[in-house]
Amino acid sequence: MDAQAFNRLKEQFDALKTDVRTLEEYLEKDPRFLLSMMDRDLNATERGRDARGSFTDYFIPTAVEAIRIDAKKSEVNVRINRVIALAIQGKYLSGYAAQLTEKGGPDAIRAYADESLKAK
């Protein structure tokens, strides 16, 4: 590949990165998108795959943001209940969710989530 072709591809790649970031910024303002991302992580956990992020650093902040931008708290609670149901099955969204469950059972996950949602 010559330098001119490489530079064209690089320009296209840079433009695509900008377009993707713009789309992400738009979608992050849509509570349905955030709830969908939470569902995606839960589905991955259920299937034994890794979630995009941890319970404390990704899942709960996503829940907080979803509520902040008008998601119903009941919709977020459905997802938190699912975290708890998965933990009861021995499937954990992250190591911290496993630690919470080991130390305090499923109620510890609920308490952590409720405290985090209340604080924001």
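Everything discussed here concerns the structure shown above.
Position numbers for residues count from 1 along each chain, tracking the sequence in the order it is written. Reporting in this predicted model follows two pLDDT cut-offs: at least 70 for local features of residues, and 80 or more for side-chain atom pairs to be given and counted; totals over whole chains, interfaces and linings ignore these cut-offs and use all residues. Hydrogens and water molecules were not included; the side-chain quantities draw on all heavy atoms of the structure.

Draft legend 1. Up close: the packing of helix H2 (residues 31-46) against helix H4 (residues 73-88). Angles here are taken between N-to-C directions and fall from 0 to 180 degrees, while the axes themselves are lines fitted to C-alpha atoms, restricted in helices to the stretch in contact. Strands are runs of DSSP state E lasting at least 2 residues, helices are runs of H or I lasting at least 4, and numbering of each runs from the N terminus. Put simply, H2 and H4 touch, their axes get as near as 11 Å, and they point 10° apart. Here H2 is positioned roughly parallel relative to H4, judged by the angle of their axes. Contact residues: Leu35, Met38, Asp39, Leu42, Asn43, Thr45 and Glu46 in H2; Glu75, Val76, Arg79, Arg82, Val83 and Leu86 in H4. Residue type decides the class: Asp, Glu, Lys and Arg count as charged, Ala, Val, Leu, Ile, Met, Phe, Trp, Tyr, Cys and Pro as nonpolar, and the leftover types, Gly among them, as polar. When its residues are assigned to classes, the contact of H2 with H4 shows six nonpolar, two polar and five charged. Here the angle decides the label: under 35 degrees means roughly parallel, over 145 means roughly antiparallel, 65 to 115 means roughly perpendicular, and every other value means oblique. Any pair of residues with heavy atoms lying within 4.5 Å of one another is described as a contacting pair.

Draft legend 2. Quick peek at the packing of aromatic side chains. For this analysis, a ring pair means two rings from Phe, Tyr or Trp (six-membered ring only for Trp) whose centres lie within 6.5 Å, classed as stacked if their planes differ by under 30 degrees, edge-to-face if by over 60, and tilted for the remaining angles. With the rule as written, the count across this model stands at three aromatic pairs. Summarising the aromatic geometry, the rings of phenylalanine 55 and phenylalanine 59 are spaced 6.1 Å apart at their centres and angled 20° between planes, so their arrangement reads as stacked. With phenylalanine 55 and phenylalanine 59 both in helix H3 (residues 55-68), this residue pair falls four residues apart, about one helical turn. For the pair formed by phenylalanine 55 and phenylalanine 59, the shared burial category is buried. Geometrically, the ring pair formed by tyrosine 96 and tyrosine 112 is edge-to-face, given 5.5 Å between the ring centres and 65° between the ring planes. Residue tyrosine 96 is found in helix H5 (residues 95-104), and its partner tyrosine 112 is found in helix H6 (residues 106-119); the two are separated by 16 residues along the sequence. Relative accessible area decides the class of each residue, using a 1.4 Å probe on protein chains only: under 20% of the type maximum gives buried, over 50% gives exposed, and in between gives partly exposed. Tyrosine 96 sits in the partly exposed class, given a relative accessible area of 33%.

Draft legend 3. Up close: unusual backbone geometry. In the Ramachandran plot, aspartate 70 falls in the positive-phi region, its phi being about 85° despite a non-glycine side chain. With respect to the secondary-structure elements, aspartate 70 resides in the loop between H3 and H4.

Draft legend 4. Structural detail: the packing of H3 against H4. With their axes 9 Å apart at the nearest point, H3 and H4 run at an angle of 160° to one another. Compared by their axis directions, H3 and H4 come out roughly antiparallel. As for how H3 packs across H4, the hand of that crossing is right-handed. Judged by residue contacts, Phe55, Phe59, Ala63, Ala66 and Ile67 of H3 engage Lys73, Val76, Arg79, Ile80 and Val83 from H4. Residue classes in the contact of H3 with H4 are distributed as eight nonpolar, no polar and two charged. By convention, the crossing between two helices is left-handed when the near helix turns anticlockwise from the far helix through less than a right angle, and right-handed when the turn is clockwise.

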